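# Analysis of the macromolecular model
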Amino acid sequence: MARIKRLLLWVWKVLATPAATLSLAFLTLGGFVGGVIFWGAFNTALELTNTEEFCVSCHEMRANVYEELTRTVHFSNRSGVRASCPDCHVPHEWTDKIARKMQASKEVWGKIFGTINTREKFLNHRLELAKHEWARLKANDSLECRNCHSSAAMDLSKQTQRAAEIHTRYLLPGRATCIDCHKGIAHELPNMQGVEPGWKLPPELEGETLPSASAIDDLRKVMNDSHRVAFGN
């Protein structure tokens, strides 16, 4: 007990000994307080830049992709649940969020140099921008989609038979990810000429009749079959 007491007295003496003009204990306390203030300011700034208001504060976003978002089910729907810009473009986990923010910092340069500051420029760059985002979501297994959509919570019985079949075969086992099939769900698609489609029939399903998604698909199939019979192709 006496040894522990002597050790504690020695530690206090070290902390209380003046270091130049300030004690080590004061410097430690000051560093801790300064760290808390810095962290609070940093996290506050991070969250401010992670809001829809911030995202659409520049006209490039407000007059283009945001306008398109307002016309989709992600913006207005019967459940009243709205997906904002950060929900679809920024992961929720802190480390992934920081990585995404660092990656997106290059957009500041685009703003400074007016890369897409007109509608015409935006449309000219639209395919390039879309490809970058599709590739990013493909690489991270559609991490932002999973901010809201969970495979574990997916009720396949409430999906069309075709959707349930494809999700079971490809999404749940990890053979495909959300963005492979769901492009253009929140923004208009660019000119897709020459671009690989979002869903290509896998080789193992070629020649197999998949369950129809709706009566419209059944009607389309009948019309296509009739067309082939009539015109011999």
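In the annotation of an unreviewed UniProt entry, the entry for the protein reads Cytochrome c-type protein, and the organism field reads Sinorhizobium medicae. Per its UniProt entry, the protein bears the Sequence similarities (unreviewed entry) comment "Belongs to the NapC/NirT/NrfH family." According to the UniProt record, the Subcellular location (unreviewed entry) comment for the protein reads "Cell membrane".

### Some thoughts on helix H7 (residues 94-104)
Those residues of H7 that sit buried are Lys97, Ile98 and Arg100. For H7, the angular spread of the buried residues around the axis is 165 degrees, confining them to a single face. For H7, the exposed residues set more than 90 degrees away from the buried face come down to Thr95 and Met102.

### Concerning the nonpolar core
Counting residues in each nonpolar core, the largest one holds 6 residues, listed as Val56, Tyr66, Leu69, Phe75, Cys85 and Ala186. Not counting the four nearest positions on each side in its chain, Val56 is found in contact with Met61, Arg62, Tyr66 and Cys85.

### Thoughts on helix H10 (residues 161-171)
The complete set of buried residues in H10 reads Ala164, Ile166, His167, Tyr170 and Leu171. Projection of H10 onto a plane perpendicular to its axis shows the buried side chains occupying an angular sector of 170 degrees, all on one side. Close packing links the buried residues of H10 with helix H11 (178-181).

### Here's the deal with the packing of aromatic side chains
Inspection of every chain in the model, using the stated rule, returns 5 aromatic pairs. Centre to centre, the rings of Trp39 and Phe42 are 6.1 Å apart; their planes meet at 35 degrees, and the pair counts as tilted. Residue Trp39 and its partner Phe42 are located together in helix H2 (residues 24-48), separated by 3 residues, close to a single helical turn. Its relative accessible area of 44% is what places Trp39 among the partly exposed residues. Judged by centre distance (5.4 Å) and plane angle (45 degrees), the rings of Trp39 and Trp94 are tilted. Linking Trp39 in helix H2 with Trp94 in helix H7, this pair joins segments that are 55 residues apart in sequence. In textbook terms, an aromatic cluster arises when at least three aromatic residues are bridged by ring pairs, as seen for Phe38, Trp39, Phe42 and Trp94. Above the ring of Phe75, the side-chain terminus of Arg82 is found at 3.6 Å from the ring centroid. Here the guanidinium or amino end of Lys183 rests over the ring plane of Trp134, the centre of that ring lying 5.3 Å away.

Calculation rules
Residues numbered from 1 in each chain as written. Predicted model: local features only at pLDDT ≥ 70, side-chain atom pairs only at ≥ 80, totals over all residues. Heavy atoms only, no water. UniProt positions renumbered as here; feature names shortened; annotations may be inferred. Buried < 20%, exposed > 50% of the residue type's maximum accessible area, 1.4 Å probe, protein only. Helix = DSSP H or I, 4+ residues; strand = E, 2+ residues; numbered from the N terminus. Arc of directions from axis to C-beta. Core = buried A, V, L, I, M, F, W, Y, C linked by side-chain atoms within 4.5 Å. Contact = heavy atoms within 4.5 Å. Phe/Tyr/Trp six-rings, centres within 6.5 Å; stacked < 30°, edge-to-face > 60°. Lys NZ or Arg CZ within 6 Å of the ring centre and 35° of its normal.

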